Amino acid sequence: MAIVELNNVEVSYGAIKALRGVTCTVEGGAVGLLGPNGAGKSTLLRTLLGFIRADAGEASLFGYRLPAEALEARQRLGYMPERDAVARKVSAVSFLTYCGCLFGMQRSDAMERAHEVLNYVGMGDSRYRKMQTYSTGMCQRIKFAQALVHDPKLLLLDEPTNGLDPEGRLEMLELIKELVTKRGVTVLLSSHLLPDVEHVCDHVLVIHQGRIVREGSIGELTTARENLFEIRVREHQEAYRNALETAGCVLQTLPNGNLLVEKPARLEPRVFFELARAQNTHVRHFVAVRHRLEEVFMQAIGRH
Ligand code: ADP
């Protein structure tokens, strides 16, 4: 059974069609939801949360149909919104205990669970201070913790690294990854930061103008480019460069000193090794350059 299943879902705000027939499934793992501003990412998340009703199509979570069985679905669903969502006048412990109670836990259980998730996100004694004294990074961790308090099986994360410094960002991404790999939680990560998606996700959905325009595993989408290679030879680099150019290749030297070589389609890759031998040198490094996720994304949304 798919964890998320959408079939031709349409959502409008008055005359504005925000989702125009979205069909997709999420079976598990970490899935990145990528799209430019206004693409429909938040609308999609809000539809899954049951905040918005679809005008047409079918949506279900864990096999529960939305909106009819939204309550059952919500019990298994955690949400980290993009906007500020912490209560600044209380401590993180009080706030998370309250969140646990909202999910139907007894107060003592909710408090125990609050401490567990605070430990998990690395909050120390500052958990007892009012949250108005917290840094952006701490607030972001609390938002993450509140999404976990009821031990959900699916997490919807909306720009979870917003406002974090590079170290905090890496910590957040590692926490997300650990949930997926060690605890079997499914994550749908909405982000405009492609490196974040590449760090955490194994699968992406690209949404544009209310439609899913590309989807697949990152490995499938970023296939090797046919004619582009990164090469380093041991010696006689200048002679090797000249030989490649004479054979019709286009060269560029990369910051790491390697050559980026685009070969004409008519040449076989073995020519790189033959030319090296002819120039009395050896190929020390040879990889086919893959399409970057950014290129796949830009192409999917019609920008180059
Ligand atoms: P994203 O999260 O990808 O930036 P949204 O889902 O927020 O995109 O928006 C999709 C489209 O719906 C955009 O054209 C946006 O302007 C419009 N939209 C979003 N929320 C509302 C709203 N509350 N009222 C009217 N239009 C909205």
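Residues numbered from 1 in each chain as written. Predicted model: local features only at pLDDT ≥ 70, side-chain atom pairs only at ≥ 80, totals over all residues. Heavy atoms only, no water.

Chemist: Got a minute to help me understand the environment of Arg 141 in this structure?
Modeler: The topology assignment puts Arg 141 in helix α5 (residues 136-148). The class for Arg 141 is partly exposed, based on a relative accessible area of 22%. Those residues in contact with Arg 141 that sit more than four places away from it in its chain are Val 121, Gly 122, Glu 171 and Met 172. (Helix = DSSP H or I, 4+ residues; strand = E, 2+ residues; numbered from the N terminus. Buried < 20%, exposed > 50% of the residue type's maximum accessible area, 1.4 Å probe, protein only. Contact = heavy atoms within 4.5 Å.)

Chemist: What's the story with the packing of helix α3 (residues 92-102) against helix α4 (residues 107-120) in this structure? I'm lost.
Modeler: A pair of packed helices is captured by two measures, namely the crossing angle of their axes and the spacing between those axes. Look at α3 against α4: their axes get within 8 Å of each other, and the N-to-C directions meet at 125 degrees. In terms of orientation, α3 and α4 fall into the oblique class. Note that α3 runs across α4; the crossing there is right-handed. Side by side, α3 and α4 meet where Ala 92, Val 93, Leu 96, Thr 97, Gly 100 and Cys 101 of the first sit next to Arg 107, Ala 110, Met 111, Ala 114, His 115, Val 117 and Leu 118 of the second. Residues of the contact of α3 with α4, tallied by class, amount to 9 nonpolar, 3 polar and 1 charged. (Axes fitted to C-alpha atoms, helices over the stretch in contact; angles between N-to-C directions. Parallel < 35°, antiparallel > 145°, perpendicular 65-115°, else oblique. Left-handed = near helix turned anticlockwise from the far one by under 90°. Nonpolar A, V, L, I, M, F, W, Y, C, P; charged D, E, K, R; others polar.)

Chemist: I'm lost on the pattern of salt bridges in this one. Help?
Modeler: A side chain of one charge can pair with a side chain of the opposite charge if their charged atoms are brought near each other. For the coordinates displayed, the defined rule picks out 11 salt bridges. For Arg 225, the salt bridge is made with Glu 295, and the minimal N-O distance between the two is 3.2 Å. Of this pair, Arg 225 sits in strand β11 (residues 224-233) while Glu 295 is found in helix α11 (residues 293-300), placing the two residues 70 residues apart along the sequence. Judged by relative accessible area, Arg 225 falls into the partly exposed class, the value being 26%. On the basis of relative accessibility, which here comes to 25%, the residue Glu 295 falls in the partly exposed class. The partner of Arg 234 in a salt bridge is Glu 235, and the shortest N-O contact between them spans 3.7 Å. If you follow the salt bridges from partner to partner, you end up with Arg 225, Arg 292, Glu 294 and Glu 295 in one network. (Salt bridge = Lys/Arg side-chain N within 4 Å of Asp/Glu carboxyl O.)

Chemist: When you look at the domain arrangement of the protein in this model, what are you seeing that I'm missing?
Modeler: The domain architecture assigned to the protein consists of domain 1 (1-76 + 152-219), domain 2 (83-151) and domain 3 (222-294). Taking only C-alpha atoms into account, the centre of domain 2 sits 53 Å from that of domain 3. (Domains from an automatic or database assignment.)

Chemist: Explanation requested: unusual backbone geometry in the structure shown.
Modeler: Glycine aside, negative phi is the norm for most residues, and most peptide bonds take the trans geometry. Of note, the amide linkage connecting Leu 66 to Pro 67 takes the cis form, showing an omega dihedral of 0 degrees. Note that Pro 67 resides in the loop between β5 (64-66) and α2 (70-75). Look at Glu 159: it is not a glycine, yet its phi comes out positive at around 50 degrees. Looking at the element boundaries, Glu 159 is found in the loop between β7 (154-158) and α6 (166-183). Looking at Glu 159, the relative accessible area reads 6%, which means it is buried.

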